[in-house]
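In case you want the letters, here they are:
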Amino acid sequence: MASLSEPPDAPALDATELDATEPRSAAGEERAVPPRQADAATDDPGEPASTSAVEASPSSRRGPSSRRGRVVALTGAASFLGRNLIGILEEDPQIARVVAIDVKPPDTGGSKLRLHTIDLTAPASEERVTEVLAAERVDTLVHLCFLSSPTPATAWAHELESVGTMHLLHGARQASLRKLVLWSQTILYGAHPTNPNFLTEKHPLRADPEERFFADKMAAEREVNAFGAQAKGTIVTILRTAPILGPTVQNYLTRYLARRPVMTLLGFDPLWQFIHEVDAIAAFKLAIDGDFPGTFNIVGDGVLPLSTVVRLAGRTRVPVLHSAAGPLVSALWAAHAALAPPSFLQYLRYLCVADGQKAARVMGFRPVYTTREALLDYISAQRLRDVRLLQETPA
């Protein structure tokens, strides 16, 4: 598999920590604490599943978790989510083996870990995936091989995310896979003036299709849904996480809030929503343990205006006219001096907030941290980094 966050001619980096201007290595990044137990499911109404599979009944939701000897494979195993999930799975007595598919070993692996180096951008990866899934007797595949920050290397990102997902699924079709879990993001709904206050899983994905960071992830979702429709014996679960915040995760959002002057758009103050890194990891563990076919928004409770987010972070807002912001960010992005391309300006203008009721009702997922608490936990760690009391680990 190609490096998770840099083009092939650059050193291998962590997918969750890509920055267009400051490539880093993730080998020494601090590991997130294990997720706390989610609360029981509520009886609140939610949206029906958006995939072809039918939602599991309460009696069947725990799936194979009662059986010993399960084998879970993860792509993007050296990414932030991958490393922390491996750490959790290593401690689970129900898991016999954890199969890592990446170009470098995760730093959380133990005695259960089996590493297989596969370049998902290569056509031959289909055969390798089939061989590994069959040889390791994998029953659950978790696909995390996606960039969490945009990159100017759009051609390479397309090969990794869109084409790489096709190669992975072609290989998985030849294996007796019981479950597939995909990481997606709520920002794919897009920020639009016509958005409702809360977007359910039935809402179409309307992020800018001209932006590769969005287009490749939306293409991957389509491929996975098509795979689920054809592979009748495979449970397909898609988890769309809100932007992830916390004391150890690094992405374009944490870097945006780490800058002392924070650019906003004059006259706009959209609502924002986050998920704490611990809750995001807990949601994936729930999806691995139980049978939850469908698509689910994984979000923290509550929302915050962007002005409040900036104020709580102790940063200074720099309002810019919308007409001037586009050309400015475009020029900075071309010069590798911006954290994200101009298409991300829409999220400084309009809201993109997702409804998490379906995940609560069907999966029993209840976030431990609210949006505000996730932000405050990130801010506490960032303030220590600001005064150099907490060392910035290589990303």
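This text follows the structure it describes.
The paragraphs below set out a description of the structure included in this document.

Scoring rules and cut-offs
Residues numbered from 1 in each chain as written. Predicted model: local features only at pLDDT ≥ 70, side-chain atom pairs only at ≥ 80, totals over all residues. Heavy atoms only, no water. Helix = DSSP H or I, 4+ residues; strand = E, 2+ residues; numbered from the N terminus. Buried < 20%, exposed > 50% of the residue type's maximum accessible area, 1.4 Å probe, protein only. Contact = heavy atoms within 4.5 Å. Areas by Shrake-Rupley, 256 points an atom, 1.4 Å probe, with all protein chains shown as cover. Axes fitted to C-alpha atoms, helices over the stretch in contact; angles between N-to-C directions. Parallel < 35°, antiparallel > 145°, perpendicular 65-115°, else oblique. Left-handed = near helix turned anticlockwise from the far one by under 90°. Expected span 1.5 Å × (residues − 1). Arc of directions from axis to C-beta. Salt bridge = Lys/Arg side-chain N within 4 Å of Asp/Glu carboxyl O. Phe/Tyr/Trp six-rings, centres within 6.5 Å; stacked < 30°, edge-to-face > 60°. Pairing = 2+ DSSP bridges.

Helices and strands together make up the secondary structure of the protein chain, namely 10 helices and 13 strands. Split into buried and exposed, the 395 residues of the protein chain put 59% on the buried side. By sequence separation, contacts in the protein chain at least 24 residues apart represent 80% of the contacts at least 6 residues apart. When the accessible surface of the protein chain is totalled, it reaches about 15,100 Å², and 54% of it is carbon and sulfur.

What follows covers the packing of helix 2 (residues 125–135) against helix 3 (residues 154–173). Viewed as axis vectors pointing N to C, helix 2 and helix 3 meet at an angle of 45°, and their least axial separation amounts to 7 Å. By the criterion of interaxial angle, the relationship of helix 2 to helix 3 is oblique. The crossing of helix 2 and helix 3 is right-handed. Residues Ser 125, Glu 126, Val 129, Thr 130 and Leu 133 of helix 2 touch helix 3, and the partners they reach there are His 167, Leu 168, His 170, Gly 171 and Ala 172.

For the rest of this paragraph, the subject is helix 8 (residues 322–334). Taking 1.5 Å per residue, 13 residues should reach 18 Å; helix 8 reaches 19 Å between its end C-alpha atoms and fits that length. Turning to helix 8, its buried residues are Ala 325, Val 329 and Trp 333. Viewed end-on, helix 8 has its buried residues packed into an arc of 50°, placing them on one side of the element. Of the exposed residues in helix 8, the ones pointing more than 90 degrees away from its buried face are Ser 323, Pro 327 and Ala 334.

Counted by the stated rule, this structure contains 12 salt bridges. The partner of Glu 131 in a salt bridge is Arg 128, and the shortest N-O contact between them spans 3.6 Å. Placement of both Glu 131 and Arg 128 in helix 2 is noted, with a separation of 3 residues, approximately one turn of the helix. Judged by its relative accessible area of 47%, Glu 131 falls in the partly exposed class. Note that Arg 315 and Asp 386 form a salt bridge whose closest N and O atoms lie 2.9 Å from each other. Of the two residues, Arg 315 sits in the loop between helix 7 (306–312) and strand 13 (316–320) while Asp 386 sits in helix 10 (residues 371–386), which places them 71 residues apart along the sequence. Taking relative accessible area as the criterion, Arg 315 reaches 9% and is therefore assigned buried.

Bringing the packing of aromatic side chains into the picture now. Following the criterion strictly, the structure yields 10 aromatic pairs and no others. An angle of 50° between the planes, with centres 5.6 Å apart, marks the rings of Phe 213 and Phe 344 as tilted. Here the residue Phe 213 occupies a position in helix 4 (residues 212–230), and Phe 344 occupies one in the loop between helix 8 and helix 9 (357–363), the gap between them amounting to 131 residues. Between Phe 344 and Tyr 347 the ring centres are 6.1 Å apart and the planes differ by 45°, which places this aromatic pair in the tilted class. Exposure remark for Phe 344: the relative accessible area of 9% places this residue in the buried category. Overall, the relative accessible area of 11% leaves Tyr 347 in the buried class.

The strands making up a sheet associate through hydrogen bonds between their backbones, and the pairing can be parallel or antiparallel. Spatial ordering of the open sheet is given by 3-2-1-4-5-6-11, a layout of 7 strands whose pairing is parallel. Where the open sheet ends on each side, the last strands, each with one partner, are strand 3 (113–116) and strand 11 (294–298). Ignoring which end each strand starts from, the neighbouring axes of this sheet average 20° apart. Sheet topology places strand 2 (residues 95–101) next to strand 3; 4 bridges connect them, and they run parallel. For Ala 100, the partnering residue across the bridge sits in strand 3 and is Leu 115. Of the strands in this sheet, strand 5 (179–185) and strand 6 (235–241) touch helix 4, which is tilted by about 155° from strand 5.

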